[in-house]
2 protein chains.
Amino acid sequence: MSTSSDAPVSDREQRILDIIEKTRARRPKFKSPNVTMAHGAGGKATQTLIEGLLVPAFDPDEAGLAVLADSGGVKIDETGIAMTTDSFVVKPIRFPGGSIGELAVNGTVNDLAVAGAKPVAITIALILEEGLPTEVLRAEVDAIASAAVAAGVEIVAGDTKVVERGHADQMYITTTGIGAIDPRASLSPRALRPGDQVIVSGSIGEHGTAIMLAREEFELDAEIESDTQPLWEAADALLGAAGPDLRCVRDATRGGVATVLNELARASGVAIIAREGDVPVRADVRGAAEILGIDPMYVANEGRLVAFVAPESAGAALEALRSVPGSEGAAAIGEVKTEPIGMVLVETAFGGKRVMDLLAGDPLPRIC
Amino acid sequence: MSTSSDAPVSDREQRILDIIEKTRARRPKFKSPNVTMAHGAGGKATQTLIEGLLVPAFDPDEAGLAVLADSGGVKIDETGIAMTTDSFVVKPIRFPGGSIGELAVNGTVNDLAVAGAKPVAITIALILEEGLPTEVLRAEVDAIASAAVAAGVEIVAGDTKVVERGHADQMYITTTGIGAIDPRASLSPRALRPGDQVIVSGSIGEHGTAIMLAREEFELDAEIESDTQPLWEAADALLGAAGPDLRCVRDATRGGVATVLNELARASGVAIIAREGDVPVRADVRGAAEILGIDPMYVANEGRLVAFVAPESAGAALEALRSVPGSEGAAAIGEVKTEPIGMVLVETAFGGKRVMDLLAGDPLPRIC
């Protein structure tokens, strides 16, 4: 079945398109009387907060924020600039494979990369807790500086605030980045078409699992390292290999791959099938996740992207991705389908299918 | 006395220039074993943190941050872009004349304005405290949206994190802005020359006093409103009236006018004399400050700038500024002198002189 725009639209297709439009128009209401931890966990509650409260105020025309991208575009003197911001409140601030400072750089440059923009410059705003040992601060400042060099971005401005003891868990970091929109990029969360292939850039679930194990509440002794790394090189390779056939790219942070698939299925008015057996998950991550009672598909990554590519370019895209250091483990894990609209299904190893919805609750707060 | 570069340099001038270079090269060491509230108050301790710890890591060549400007410049495809970031942790979040949301927009667009850049777009990163009443959040989101409209900037991206109850004092907001560098602007903190006039755009000390009175610890009943407002129109007027004669502009936030004068005296290797009797301070602010035991010159403003203008254009600059709504109370308050290098002196109403140094301690934390 084709949905290309030059073909005549059948009654059935028109009906589907109507449903898509209706779904898009239906904006969730933010009814909670208070903010809860779930509103920061990246799942359904976060989406309700963004769509029900923030977008109506900040972007009443739904020009930018409504499509739920992590970055926005702006023009200065006809130059296309992508801009993104993220606060990092991860606890603990140091964990196997990284720390809040490194994360704060990679998280932000990756939001630019998956928007098809080459990261150029970042700003760093520090909120420090009174009493923070200087050596802890110095280590994070050095981590920020090294990560910026590794990601090829300049730190152009900064700010420092101090709050009283007990108010900031050592430190919070907000990083904002700007990038130059790549002329090869024509990405949109609404661009997915049935038949598109879903590709992840490597094994999933490592960052979130590393954080959970680093928290003292869990007594598991596996040494799993965060996957935190910059992703522009991977995005660049995808743009080179697939060009306009690259529909959309997302980094799979809070809420994991499952949340990315759900958001895009909804934004594009399509279904997505993920083949569970094809999703790369390291054995130790799978084991830890099982013990912790969570599905790796919902676990945050900080160095993995999900790409949606037209079928004719999917092979080239996968090959290009695998040639990028850090993304050698890339794999095709699923396909975009026509129905059920807005839903994500998982095909299990045994051939069964189940719905993989947005998380409603809050299993993993403060992961980034 | 002239310091223009085509005149021959006398022995005495050379000696002064040597001292300036030496002063610039001498970087303070950050020796404190812990972060204290003073490091966030905008005075001497903040400067030591920035120059002794952040600049060496983030900007080892001292290309940008070392001049202590609140914003940095970056080029994308030859387009000059100014970028700035600020976290807002003001307590309480609502105060007479404004709130954290409005402040978060104005503080950031003003950093761009005083860098000679027309504000174009901002991002908003929210760190929310678990349990925050939705109506409180909604009020700040609306305040952000209104302030953005008033300042003429688009909100292009956002982020939301939630931290556990007891952290984050309801909310922290980090706003980052980008602006288009105005071709008329040739501003630098190192550009001050003896004879330059010092102009403030209105009466000072209102924001900080309003915050202090809004805290329950002070039992003073004066209703003083924050001066929070966007300043691009004022900066635009100055650029139009003085052009290249406009040496430098700063918004006098944390640390107040006194801190701006000290930072620039040091950066330019000049002295600055402020005439106490010419500084506009409202009677109620002066009274409250006296009771609180603080000098209004050190109190934060959020809608006031300090401009340094060559003498031949100072009159035109002052007139232009007074024609801008919100800056009608602009006044010339002082002059740049040759010596003592790096110091700020106050000429009292009685004709005496005293040194007005950077604040060492921490009288006013969490003011923005």
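Residues numbered from 1 in each chain as written. Chains lettered and ligands numbered in written order. Predicted model: local features only at pLDDT ≥ 70, side-chain atom pairs only at ≥ 80, totals over all residues. Heavy atoms only, no water.

## Quick word on the overall build of chain A
Thought 1: Looking only at helices and strands, one finds nine helices and 14 strands in chain A.
Thought 2: Expressed as a percentage of its 368 residues, the buried residues of chain A come to 61%.
Thought 3: For chain A, the proportion of contacts with a sequence separation of at least 24, taken over those separated by at least 6, is 83%.
Thought 4: Carbon and sulfur atoms make up 50% of the accessible area of chain A, which totals about 13700 Å². (Helix = DSSP H or I, 4+ residues; strand = E, 2+ residues; numbered from the N terminus. Buried < 20%, exposed > 50% of the residue type's maximum accessible area, 1.4 Å probe, protein only. Contact = heavy atoms within 4.5 Å. Areas by Shrake-Rupley, 256 points an atom, 1.4 Å probe, with all protein chains shown as cover.)

## A look at the pairing of strand E5 (residues 117-129) of chain B
All names here are of chain B.
Thought 1: Of all 13 residues that make up E5, 11 are buried, and the element is covered over most of its length.
Thought 2: Pairing of E5 with strand E7 (residues 171-181) involves 11 bridges; the strand directions are antiparallel. Among the inter-strand pairings, Ala117 is bridged to a residue of E7, identified as Ile181.
Thought 3: Where E5 meets strand E6 (residues 154-163), nine bridges bridge the pair, whose relative direction is parallel. (Pairing = 2+ DSSP bridges.)

## Digging into the packing of aromatic side chains
Thought 1: Taken as a whole and assessed by the stated rule, the structure comprises one aromatic pair over all chains.
Thought 2: Summarising the aromatic geometry, the rings of Tyr172 of chain A and Tyr172 of chain B are spaced 6.3 Å apart at their centres and angled 50° between planes, so their arrangement reads as tilted. Taken together, the positions of Tyr172 of chain A in strand E7 (residues 171-181) and Tyr172 of chain B in strand E7 put the pair across two chains.
Thought 3: The exposure class of Tyr172 of chain B is buried, given its relative accessible area of 1%.
Thought 4: Across from the ring centre of Phe88 of chain A, 5.6 Å away, lies the NZ or CZ of Lys161 of chain B, which sits over that ring. (Phe/Tyr/Trp six-rings, centres within 6.5 Å; stacked < 30°, edge-to-face > 60°. Lys NZ or Arg CZ within 6 Å of the ring centre and 35° of its normal.)

## What to know about the state of the cysteines
Residues and elements named next belong to chain A.
Thought 1: Under the defined criterion, the tally for this structure stands at zero disulfides over all chains.
Thought 2: Cys248 provides the cysteine sulfur closest to Cys368, a residue in no disulfide bond, and the two sulfurs are 19 Å apart.
Thought 3: Judged by its relative accessible area of 5%, Cys368 falls in the buried class. (Disulfide = S-S within 2.5 Å.)

## Focus on the packing of helix H6 (residues 232-242) of chain A against helix H9 (residues 311-322) of chain A
Residues and elements named next belong to chain A.
Thought 1: In the contact formed by H6 and H9, the axes pass within 8 Å of each other and the chain directions differ by 150°. By the angle between their axes, H6 is roughly antiparallel relative to H9. Crossing hand, H6 versus H9: right-handed. The residues of H9 that touch H6, namely those facing Ala234, Ala237, Leu238, Ala241 and Ala242, are Ser313, Ala316, Ala317, Ala320 and Leu321.
Thought 2: Considering only residue class, the contact of H6 with H9 consists of nine nonpolar, one polar and no charged. (Axes fitted to C-alpha atoms, helices over the stretch in contact; angles between N-to-C directions. Parallel < 35°, antiparallel > 145°, perpendicular 65-115°, else oblique. Left-handed = near helix turned anticlockwise from the far one by under 90°. Nonpolar A, V, L, I, M, F, W, Y, C, P; charged D, E, K, R; others polar.)

## Details of the sheet that holds strand E1 (residues 71-76) of chain A
Residue and element names in this part refer to chain A.
Thought 1: The five strands lie next to each other as E1-E2-E7-E5-E6, forming an open sheet whose pairing is mixed. In this open sheet, the two edge strands, each paired with only one partner strand, are E1 and strand E6 (154-163). Sheet twist, expressed as the average angle between the axes of neighbouring strands with direction ignored, equals 20°.
Thought 2: Where E1 meets strand E2 (residues 79-88), six bridges bridge the pair, whose relative direction is antiparallel. Paired with Ile76 across the bridge in E2 is Thr79.
Thought 3: Most of the contacts of helix H4 (residues 134-151) go to strand E5 (residues 117-129), to which it runs at about 175°, and overall it touches E5, E6 and E7.

## Things to note about the sheet that holds strand E10 (residues 271-275) of chain B
All names here are of chain B.
Thought 1: The strand order across the open sheet built from seven strands is E9-E11-E8-E12-E10-E13-E14, with neighbouring strands paired in mixed fashion. At either margin of the open sheet sits one strand with a lone partner, and together these are strand E9 (246-251) and strand E14 (353-355). On average, each strand axis in the sheet is inclined to that of its neighbour by 25°, with strand direction left out of account.
Thought 2: Inspection of the sheet shows strand E8 (residues 197-200) paired to strand E12 (residues 331-337) by four bridges, in the antiparallel sense. Within E12, the position partnered with Val200 by the bridge is Ala331.
Thought 3: Strands E8, E9, E10, strand E11 (305-309), E12 and strand E13 (344-347) of the sheet are contacted by helix H7 (residues 256-268), whose axis makes an angle of about 35° with E11.
Thought 4: Strands in contact with helix H9 (residues 311-322) are E8, E11 and E12; relative to E8, the strand with the most contacts, it is inclined by about 5°.

## Quick word on the packing of helix H3 (residues 100-113) of chain B against helix H4 (residues 134-151) of chain B
In a packed pair of helices, the relevant descriptors are the angle between the two axes and the axis-to-axis distance.
Residues and elements named next belong to chain B.
Thought 1: One way to put it is that H3 packs onto H4 with a least axis distance of 7 Å and a crossing angle of 30°. The angle between H3 and H4 places the two elements in the roughly parallel class. Here H3 and H4 pass one another in a crossing that is right-handed. Counting all contacts with H3, which are made through Ile100, Gly101, Glu102, Val105 and Val109, the residues of H4 involved are Glu140, Ala143, Ile144, Ala147, Ala148 and Ala151.

## Examining the pattern of salt bridges
All names here are of chain A.
Thought 1: Applying the stated criterion across every chain yields a total of 36 salt bridges over all chains.
Thought 2: The partner of Glu140 in a salt bridge is Arg94, with the nearest N and O atoms 2.7 Å apart. Of this pair, Glu140 sits in helix H4 while Arg94 sits in strand E3 (residues 94-95), and the two are 46 residues apart along the sequence.
Thought 3: Overall, the relative accessible area of 47% leaves Arg94 in the partly exposed class. (Salt bridge = Lys/Arg side-chain N within 4 Å of Asp/Glu carboxyl O.)

## Regarding the interface of chain B and chain A
Thought 1: With 76 residues of chain B in contact, the opposing surface of chain A contributes 76 residues.
Thought 2: The junction of chain B with chain A conceals about 6500 Å² of combined surface from both sides, 67% of it contributed by carbon and sulfur atoms.
Thought 3: Linking chain B with chain A are eight salt bridges.
Thought 4: The interface formed by chain B and chain A contains 29 residue pairs in polar contact (both at pLDDT 80 or more).
Thought 5: Of all elements in the fold, only helix H2 (44-58), strand E1 (71-76), strand E2 (79-88), E5, H4, E6 and E7 of chain B reach the threshold of two or more residues within the side of chain B that touches chain A.
Thought 6: A per-class count over the side of chain B that touches chain A returns 38 nonpolar, 23 polar and 15 charged. (Buried area = accessible area lost by both parts, 1.4 Å probe. Polar contact = N/O pair within 3.5 Å; in protein donor to acceptor, adjacent residues only side chain to side chain.)

## Describing the nonpolar core
Thought 1: With 75 residues, the main nonpolar core has Leu137, Leu261 and Phe308 of chain B as its most contacted residues.
Thought 2: What Leu261 of chain B contacts, discounting residues up to four positions off in sequence, is Val198, Ile272, Ala274, Met297, Val306, Phe308, Val344 and Met356 of chain B.
Thought 3: Ranked by size, the runner-up nonpolar core spans 44 residues in total, among them Phe88, Leu103 and Leu364 of chain A together with Val35 of chain B. (Core = buried A, V, L, I, M, F, W, Y, C linked by side-chain atoms within 4.5 Å.)

## Digging into the relation of the copies chain B and chain A
Thought 1: The two copies are related by a screw operation: chain B maps onto chain A through 180° of rotation and 0.0 Å of translation along the axis, at an RMSD of 0.1 Å. Such a combination of rotation and displacement between the chain copies is what one expects of a two-fold axis. For chain B, the smallest separation between a C-alpha atom and the rotation axis is recorded for His167 of chain B, amounting to 2.3 Å.
Thought 2: When the interface residues of chain B are mapped onto chain A, 100% of them again fall at the interface, so both copies present the same face. (Least-squares fit on C-alpha atoms with pLDDT ≥ 70 in both.)

## Description of the domain arrangement of chain A
Residue and element names in this part refer to chain A.
Thought 1: Looking at chain A, the domain boundaries give domain 1 (28-65), domain 2 (69-181) and domain 3 (197-355).
Thought 2: On a C-alpha basis, the centroid separation for the pair domain 1 and domain 3 is 24 Å.
Thought 3: Between domain 1 and domain 3, the contact holds six residues from the first and five residues from the second.
Thought 4: In total, domain 1 and domain 3 occlude about 410 Å² of area from one another, counting both sides; carbon and sulfur atoms represent 35% of this.
Thought 5: Per-residue buried area on domain 1 facing domain 3 is highest for Gly40, Gly42 and Gln47; these three make up 66% of the total on that side.
Thought 6: Applying the counting rule to domain 1 against domain 3 returns one salt bridge.
Thought 7: The residue Arg266 makes a salt bridge to Glu51 at a minimum N-O spacing of 3.1 Å.
Thought 8: Inspection of the domain 1/domain 3 interface yields two residue pairs in polar contact (both at pLDDT 80 or more).
Thought 9: A breakdown of the residues in the side of domain 1 that touches domain 3 according to their chemical character gives two nonpolar, three polar and one charged. (Domains from an automatic or database assignment.)

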